[in-house]
Amino acid sequence: MAATQAQQETARERLALLSADYVEAEKALETARAALNAGIVDVLTERTLGPSEVTRLVPYERQHVGRIAKAAGVPPLRDRTVVSAKQPPTDV
């Protein structure tokens, strides 16, 4: 049985409304994500909490928290201790 014109129009309207709701939800998610990332950067920059504690409080894995911090220019807590074997040793 084929759908009537009225049924087709009702289906189009329903999908258009659902799509609009979806787009609005995506915008809200992007706004919330940007605010969360800014908060993570602030906390790590101020050294209020460390990356492990931040990871326990946010819905991101530790590596992602690190990527957010690195992209924002947050300096690491400690200097690197691993030296490349290809690099000649420096006298201290």
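Structure: see above.
For the structure given in this document, a descriptive report is provided here.

**Side note on the nonpolar core**
- Within the largest apolar cluster, ten residues are counted, these being Ile40, Val41, Leu44, Val54, Val58, Tyr60, Val65, Ile68, Ala69 and Val74.
- Every element with two or more residues in this core is listed here: α1 (5–46) and α3 (62–72).
- Setting aside residues up to four positions removed in sequence, tyrosine 60 forms contacts with Arg33, Leu36, Asn37, Ile40, Thr55, Val65 and Ile68.

**Some thoughts on α3**
- Buried within α3 we find Val65, Ile68 and Ala69. The arc that holds every buried residue of α3, seen down its axis, measures 95°, which confines them to one face. Away from its buried face by more than 90 degrees, α3 exposes Gln63, Arg67, Lys70 and Ala71.
- Considering only its buried residues, α3 is in contact with α1 and α2 (51–57).
- Looking one or two residues beyond α3, the residue adopting positive phi is glycine 73, at roughly 85°.

Criteria and thresholds
- Residues numbered from 1 in each chain as written.
- Predicted model: local features only at pLDDT ≥ 70, side-chain atom pairs only at ≥ 80, totals over all residues.
- Heavy atoms only, no water.
- Core = buried A, V, L, I, M, F, W, Y, C linked by side-chain atoms within 4.5 Å.
- Buried < 20%, exposed > 50% of the residue type's maximum accessible area, 1.4 Å probe, protein only.
- Helix = DSSP H or I, 4+ residues; strand = E, 2+ residues; numbered from the N terminus.
- Contact = heavy atoms within 4.5 Å.
- Arc of directions from axis to C-beta.

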